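Observations on chain architecture
Residues per chain are reported as follows:
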Amino acid sequence: MEMNASYTSFVAVGDSFTEGMSDLLPDGSYRGWADLLAARLAAREPGFRYANLAVRGKLIGQIAEEQAPAAAAMGADVVTLVGGLNDALRPKVDMGRVRGHLEAAVELLAPSCKRLVLMRSPGRNGPVMDRFRPRMEELFTIIEELAARHGALVVDLYGAPALADPRMWDVDRLHLTAEGHRRVAEAVWQMLGLPAEQDWRTELPAALPPGWAVRRSQDLSFARQHLLPWVGRRLTGRSSGDGRPAKRPELLPYEPATGDLLS
């Protein structure tokens, strides 16, 4: 990997993880690791351009059909593609179809850019993670095979215990906190051959777990506010991203979003 490489443009493709949930800004919008990475790249390169085509709730088929062609046409130096977990977390999934959509997206994106970055996404420790772990690891095997075939980079977030810590995850248990997103940005930054600013793998200090009563209260709140609405969308075929546009649909000179704080 070339160290201190220079990149003039970046396009992010994916779902809620790349859109930036749940790194909430004061104005109610989401920032996330891709915006943080873009800000850091822009600080190194005058005229740096950035697009983020990610939309929450998107399945890999939608990402491959709607976002990948647009991203490939932009001809950016760096493209990140993260998708497939929304498929893997559904009650039923055809992993063969997931593989096919991922292959189509990678085959389109890899020759269009200087660096294609894929990920082994992080997962929060807990019973949900344990239930879906085999599917996630099957997905990651597909990703590694495609990366080897097409010369893409793979950022291994799944293998970092720090990002599995429940304290790195928002109350919905599906999306990283601001600190989690900051660490993902650093991980991608380093994978691109840029000088490390922190050890993103450093684990949080040990802490006593909450008591039984607190855990039950948290579980009930989670079920009422997040789990039941999620199940309802699955049963009705709806998605949280239905009708929602990409946050940065054009490859334009980078400007921080309204309310974006880079610290």
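Everything below is about the structure printed above this text.
Source: prediction; values computed, not measured. (Residues numbered from 1 in each chain as written. Predicted model: local features only at pLDDT ≥ 70, side-chain atom pairs only at ≥ 80, totals over all residues. Heavy atoms only, no water.)

**Describing the pattern of salt bridges**
Tallying each qualifying case throughout the model produces 14 salt bridges. Here R149 makes a salt bridge to E103, at a shortest N to O gap of 3.7 Å. Separated by 46 residues along the polypeptide, R149 in helix α6 (residues 127-150) and E103 in helix α5 (residues 95-109) bring together distant segments of the chain. Each of D35, K247 and R248 takes part in a single network of salt bridges with overlapping partners. (Salt bridge = Lys/Arg side-chain N within 4 Å of Asp/Glu carboxyl O. Helix = DSSP H or I, 4+ residues; strand = E, 2+ residues; numbered from the N terminus.)

**Describing the sheet that holds strand β6 (residues 248-253)**
If you walk across this open sheet you meet the six strands as β5-β4-β3-β1-β2-β6, and the pairing is mixed. Edge positions in the open sheet fall to β5 (153-156) and β6, since each of these has one partner strand only. If you compare each strand with its neighbour and ignore which way they point, the axes differ by 15 degrees on average. Relative to β5, strand β4 (residues 115-120) runs parallel, the two being bridged by four bridges. (Pairing = 2+ DSSP bridges. Axes fitted to C-alpha atoms, helices over the stretch in contact; angles between N-to-C directions.)

**Points about helix α2 (residues 33-44)**
When the terminal C-alpha atoms of α2 are compared, their 17 Å separation across 12 residues agrees well with the 16 Å that a helix rising 1.5 Å per residue should span. Along α2, nine of the 12 residues are buried, which leaves the element largely enclosed by surrounding structure. Turning to α2, its buried residues are W33, A34, D35, L36, L37, A38, A39, R40 and L41. (Expected span 1.5 Å × (residues − 1). Buried < 20%, exposed > 50% of the residue type's maximum accessible area, 1.4 Å probe, protein only.)

**Describing α5**
The first and last C-alpha atoms of α5 sit 21 Å apart over 15 residues, in line with the 21 Å expected at 1.5 Å per residue. Burial in α5 covers these residues: M95, V98, H101, L102, A105, V106 and L109. The buried residues of α5 all sit within an arc of 130 degrees when viewed along its axis, so they share a single face. The N-terminus of α5 is capped by D94, whose side-chain oxygen sits 2.9 Å from the backbone nitrogen of G96. (Arc of directions from axis to C-beta. Polar contact = N/O pair within 3.5 Å; in protein donor to acceptor, adjacent residues only side chain to side chain.)

**A closer look at the side chain of S22**
Relative to the elements of secondary structure, S22 occurs in the loop between α1 (16-19) and α2. Once residues within four sequence positions are removed from consideration, S22 is found in contact with Y30, D170, D172, H175, L176 and H181. (Contact = heavy atoms within 4.5 Å.)

**Points about the packing of aromatic side chains**
Applying the stated criterion to the full structure yields four aromatic pairs. Aromatic pair F10 and Y50: ring centres 5.3 Å apart, planes at 20 degrees, arrangement stacked. On the criterion of sequence distance, the pair formed by F10 in strand β1 (residues 9-14) and Y50 in strand β2 (residues 49-52) is long-range, its members being 40 residues apart. Like Y50, F10 is buried. Both rings, one in Y50 and one in Y254, keep their centres 6.1 Å apart while their planes meet at 45 degrees; by these two values the pair is tilted. Taken together, the residues Y50 in strand β2 and Y254 in the segment after β6 connect sequence positions 204 residues apart. This pair shows no difference in class: Y50 is buried, exactly as Y254 is. Note that R40 overlies the ring of W189, its terminal NZ or CZ placed 4.1 Å from the centroid. (Phe/Tyr/Trp six-rings, centres within 6.5 Å; stacked < 30°, edge-to-face > 60°. Lys NZ or Arg CZ within 6 Å of the ring centre and 35° of its normal.)

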